[in-house]
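Examination of the molecular architecture
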Amino acid sequence: MILRSLLFVPADRPDRFAKAAASGADAIILDLEDSVLPERKAAGRAALAEWLSAERPIPAFVRVNPLATGLTAADLKAVMPGAPDGIVLPKAEGSASIDAIAALMGELSVPILPIATETPAALFALGSYATVGERLAGLTWGAEDLPAAIGATTSREPDGRYTPPYELVRSLALFAAHAAGVAAIETVYPDVGDADGLTAYVARARRDGFTGMMAIHPRQVEIINRGFTPTEQELRHARAVVEAFRTNDGAGALLLEGRMIDRPHLVQAERLLALADRLTPPPSM
């Protein structure tokens, strides 16, 4: 799956499912957790079971309730017959949580996307995801539950930047994803009306090594997709890097366009071109 953008939609709002699926997002996250009140969980499960049983135009993940709530098994019982494309696990605490939810899935296993930083204990288990990478669809983080868990007043500065503790959390999640060999998914940008802020946030995420991002409103999807799609200028440079090393086989470093490049630049260029190939639709027959 290509996961530049993953759009949340509440599980108990089936009237929004089609709109979310048509938003242009690479995947949707049908949410049974925070956006659904306790008394609406059963209705949400029923709505998801019905929607997942039909043909769907877009990959669909389901965010279940955390393992500690005792609701996860009921969530999975309702949605797994519809074969969701993945399960988003909130408040995950390393490989032990992945093993636990995989056991609940049984034979109907699907990829798991853990939200890996929502409890203090979770931070000390980030390295363990490398042992269960084959079960993961990616790895993401959150900046809302953790402050509440430790009594912090906020995770952000007045200008919207993360405070130092949560910059650290973001960095650890980013490297944990890459250590596990899976997609690194940036957390949400909460100000739906701030297009400029979102554009800058996405650019920073891609610069730092994130490969996609979660969205909370359809209007965010286009900005996210554009930000995580290689530009023509980037592709031209990547092709030039690859060609330079092809025509200078065995060279460890080269001069290209007045700047020194070496083997890490080649790796980056090849990765960028591979992503562009995956984003290019096959020719119509």
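Keep in mind that this is a model prediction, so the values were computed, not measured.

**Details of the pairing of strand 10 (residues 259-262)**
Note: strand 9 (residues 253-256) against strand 10, 4 bridges, orientation antiparallel. Within strand 10, the residue paired with leucine 256 across the bridge is arginine 259. Adjacent in sequence and paired antiparallel, strand 9 and strand 10 are bridged by 2 residues, among which glutamate 257 carries a positive phi angle near 55 degrees.

**Description of unusual backbone geometry**
Positive phi, close to 50 degrees, is recorded for alanine 83, a residue that is not glycine. Its location among the elements puts alanine 83 in the loop between helix 3 (72-79) and strand 4 (86-89). Of note in the backbone geometry, lysine 91 takes a positive phi value of approximately 50 degrees without being a glycine. In this structure, lysine 91 sits in the loop between strand 4 and helix 4 (95-105).

**With respect to the packing of helix 3 against helix 4**
One can describe the packing of helix 3 onto helix 4 by two numbers: an axis separation of 10 Å at closest approach and a directional angle of 45 degrees. In this view, helix 3 runs oblique relative to helix 4, as classed from their interaxial angle. Both helix 3 and helix 4 take part in a crossing whose hand is right-handed. Facing helix 3, whose interface residues are Thr72, Ala73 and Leu76, helix 4 presents Ile101, Leu104 and Met105. Across the contact of helix 3 with helix 4, the residue classes tally to 5 nonpolar, 1 polar and no charged.

Calculation notes
- Residues numbered from 1 in each chain as written.
- Predicted model: local features only at pLDDT ≥ 70, side-chain atom pairs only at ≥ 80, totals over all residues.
- Heavy atoms only, no water.
- Pairing = 2+ DSSP bridges.
- Helix = DSSP H or I, 4+ residues; strand = E, 2+ residues; numbered from the N terminus.
- Axes fitted to C-alpha atoms, helices over the stretch in contact; angles between N-to-C directions.
- Parallel < 35°, antiparallel > 145°, perpendicular 65-115°, else oblique.
- Left-handed = near helix turned anticlockwise from the far one by under 90°.
- Contact = heavy atoms within 4.5 Å.
- Nonpolar A, V, L, I, M, F, W, Y, C, P; charged D, E, K, R; others polar.

All we've got here are geometric facts, nothing functional implied.
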